[in-house]
Amino acid sequence: QVQLVESGGGLVQAGGSLRLSCAASGNTFSRYGVGWFRQAPEKEREFVAGINRSGASTYYGNSVKGRFTISRDNAQNTVYLQMDSLKPEDTAVYYCAADIGVSAALSYYNKQNYAYWGLGTQVTVSS
């Protein structure tokens, strides 16, 4: 079992940057694939980015490709989401999720494949 805590959200102007962190409890975090999802008001929760256990493979949603970068530090039990060139449409609550079972590339994109979720951090991008 793992517990996840997101941080780093806030208010930023369009074109700015933020770095989100997802800190995990326990000493087996390196066994978990991790994804970032986001949910705007009255919208479905959507996939943003994913990273495999070692950090060697990363995956991105089409709307953030080229602007966001996911990375992880297993020694620190932390996954990061660097968000650059932010747009007002990036405004949402951002959630970190993890599961031992996510391994195949396509599995990262489906929120149903993740058993563990953080409570989220709000990101607001003003125009």
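Treat the numbers as computed from the prediction; the structure is a model and nothing was measured.

A. View of the state of the cysteines. Considering all chains together, one arrives at one disulfide under this definition. Between the sulfur atoms of C22 and its disulfide mate C96 the distance is 2.0 Å. Residues C22 and C96 are joined by a disulfide whose S-S torsion is about -70°; by sign, that bridge is left-handed. Placement of the pair is C22 in strand β3 (residues 18–24) and C96 in strand β9 (residues 92–99), with a sequence separation of 74 residues. Residue C96 is classed as buried on the basis of its relative accessible area, which comes to 0%.

B. The sheet that holds β3, seen in detail. Read across the open sheet, the four strands follow the order β1-β3-β8-β7; overall the sheet is antiparallel. The open sheet has two edge strands, β1 (4–7) and β7 (68–73), and neither has a second partner. On average, each strand axis in the sheet is tilted by 15° relative to the strand beside it, whichever way the strands run. Where β7 lies against strand β8 (residues 78–83), six bridges are found, and the strand directions are antiparallel. Each residue of the ladder has a partner; that of I70, found in β8, is L81.

C. Quick look at the layout of surface pockets. Estimates place the volume of the largest pocket at around 150 Å³. Grouping the amino acids of the lining of the largest pocket by side-chain chemistry returns two nonpolar, two polar and five charged.

How each quantity is defined
- Residues numbered from 1 in each chain as written.
- Predicted model: local features only at pLDDT ≥ 70, side-chain atom pairs only at ≥ 80, totals over all residues.
- Heavy atoms only, no water.
- Disulfide = S-S within 2.5 Å.
- Helix = DSSP H or I, 4+ residues; strand = E, 2+ residues; numbered from the N terminus.
- Buried < 20%, exposed > 50% of the residue type's maximum accessible area, 1.4 Å probe, protein only.
- Pairing = 2+ DSSP bridges.
- Axes fitted to C-alpha atoms, helices over the stretch in contact; angles between N-to-C directions.
- 1 Å grid on protein atoms, 1.4 Å probe; cavity = no way out; pocket = protein on both sides within 12 Å on 5 of 7 lines; lining within 4 Å.
- Points joined across faces, edges and corners; volume = space filled by probe spheres on them.
- Nonpolar A, V, L, I, M, F, W, Y, C, P; charged D, E, K, R; others polar.

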